[in-house]
Structures are given as C-alpha cells and as structure tokens.
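# Observations on the three-dimensional arrangement
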Amino acid sequence: MFDIFQVIDLQKHDRQNKYFRSFKANNSYSDIKFVENIVKTNNSCTSYLERDNNQDNYFQDNNIQYFLYGTVYTNNKYADLNKEKNKKINAEKLCQLIIKYGDDIVSYIKGSFIILIYNDNIPSLKIITDRLNV
C-alpha cells in the first residue's frame, strides 16, 4: 500500500459518504500506475492504493479492518519465542499476531510502518507506528 484515504464517522451520522473521494478523481494520480481498492462499512469509507492487484496490506476479520502501510517484519524476540526465522508479514498474519499478543504486538515486530485498525463494531480507530515513525 502506498496511499490511503479514510473517512470515519464515529458518531454514526452516515456522513462518511459525503466527504469520501476516490483517488481516481484527483489529477495528481493520473500518471501513476495503481490499483485502487475501496472498502465501505457502516461508519467508514476507505480507499487505498496498491502498485499491484494484491491484498497483502488489507485484511478484515469480524468487522475489524487491518490496514498496513509500509513494511512489517517479525523481530528476534518473536523468532526466538516461536523457533523460526524473522519474516515479512502481511495484514492477515498481522491480524493473527494482534489477536495473539494484543497491544504488546509492538514487542514482536519491526520495520517502517503505520498500522490502522478500524473496529466497525465499536466504532474505534487504533494507529500503531514503528518506533522511529519515519
């Protein structure tokens, strides 16, 4: 994922559609090759751009959406605990780790990233960034 635009209405007034705009409507993106993915829920509209047609940076589980902007790897602590090598992970694997480790997930990952977790059930938005937040 290299660009994301999300409108969330936490008060459930159904205003997100009023303010939502597709990247395709913006001339700044006319010369860039991209695949636009649009995800809508009861309280949010999200558009994110990928270079290729893949779903590595988005995953949804039980009305909870996981957006991964950047690159995430498991770290040495995770590798030692799970007896495996460090590896690059996608949004689905990230979801599994968040379910397993909760907010302590940051102790088991490294990289340059921003993770957005939107829970449509509550609704709430959680943002997790790497330690350097480059």
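Here's what I pulled together on the structure shown here. (Residues numbered from 1 in each chain as written. Predicted model: local features only at pLDDT ≥ 70, side-chain atom pairs only at ≥ 80, totals over all residues. Heavy atoms only, no water.)

## Thoughts on the pairing of strand β3 (residues 44-50)
- In terms of burial, β3 is largely enclosed, as 7 of its 7 residues are buried.
- Every second residue of β3 is oriented toward a common face, with Ser 44, Thr 46, Tyr 48 and Glu 50 on one face and Cys 45, Ser 47 and Leu 49 on the other, all of them buried.
- For strand β2 (residues 35-40) and β3, the ladder comprises 6 bridges, and the chain directions are antiparallel. Note that in β3 the partner of Asn 37 across the bridge is Tyr 48.
- Between β2 and β3, which pair antiparallel and follow one another directly, the connecting turn spans 3 residues. (Buried < 20%, exposed > 50% of the residue type's maximum accessible area, 1.4 Å probe, protein only. Helix = DSSP H or I, 4+ residues; strand = E, 2+ residues; numbered from the N terminus. Pairing = 2+ DSSP bridges.)

## Notes on unusual backbone geometry
- Cis rather than trans, the peptide bond between Ile 122 and Pro 123 has omega equal to -20°.
- Within the secondary structure, Pro 123 is located in the loop between β7 (109-119) and β8 (124-129).
- One non-glycine residue, Lys 83, lies in the positive phi region at around 55°.
- Structurally, Lys 83 is set in the loop between α2 (76-82) and β6 (88-89).

## Thoughts on the layout of surface pockets
- Put simply, the second largest pocket is a space of about 160 Å³.
- Ile 64, Tyr 66, Ile 98, Gly 102, Asp 103, Ile 105, Ile 117, Asn 119, Ser 124, Lys 126 and Ile 128 are the residues that line the second largest pocket.
- Residue assignment for the lining of the second largest pocket shows that the elements contributing at least two residues are β5 (64-74), β7 and β8.
- It is β8 that contributes the most residues to the lining of the second largest pocket, 3 residues altogether. (1 Å grid on protein atoms, 1.4 Å probe; cavity = no way out; pocket = protein on both sides within 12 Å on 5 of 7 lines; lining within 4 Å. Points joined across faces, edges and corners; volume = space filled by probe spheres on them.)

## Considerations on the environment of Thr 74
- Examined against the element boundaries, Thr 74 turns out to sit in strand β5.
- On the accessibility criterion, Thr 74 (0% relative accessible area) is buried.
- Placed 11 residues apart in sequence, Thr 74 and Lys 85 show a C-alpha to C-alpha distance of 8.3 Å.
- Aside from chain neighbours lying at most four places away, what touches Thr 74 is Lys 85, Asn 86, Lys 87, Ile 89, Leu 97, Tyr 108, Ile 109 and Lys 110.
- Among the polar contacts listed, one links the side chain of Thr 74 to the backbone nitrogen of Lys 87, at a separation of 2.9 Å. (Contact = heavy atoms within 4.5 Å. Polar contact = N/O pair within 3.5 Å; in protein donor to acceptor, adjacent residues only side chain to side chain.)

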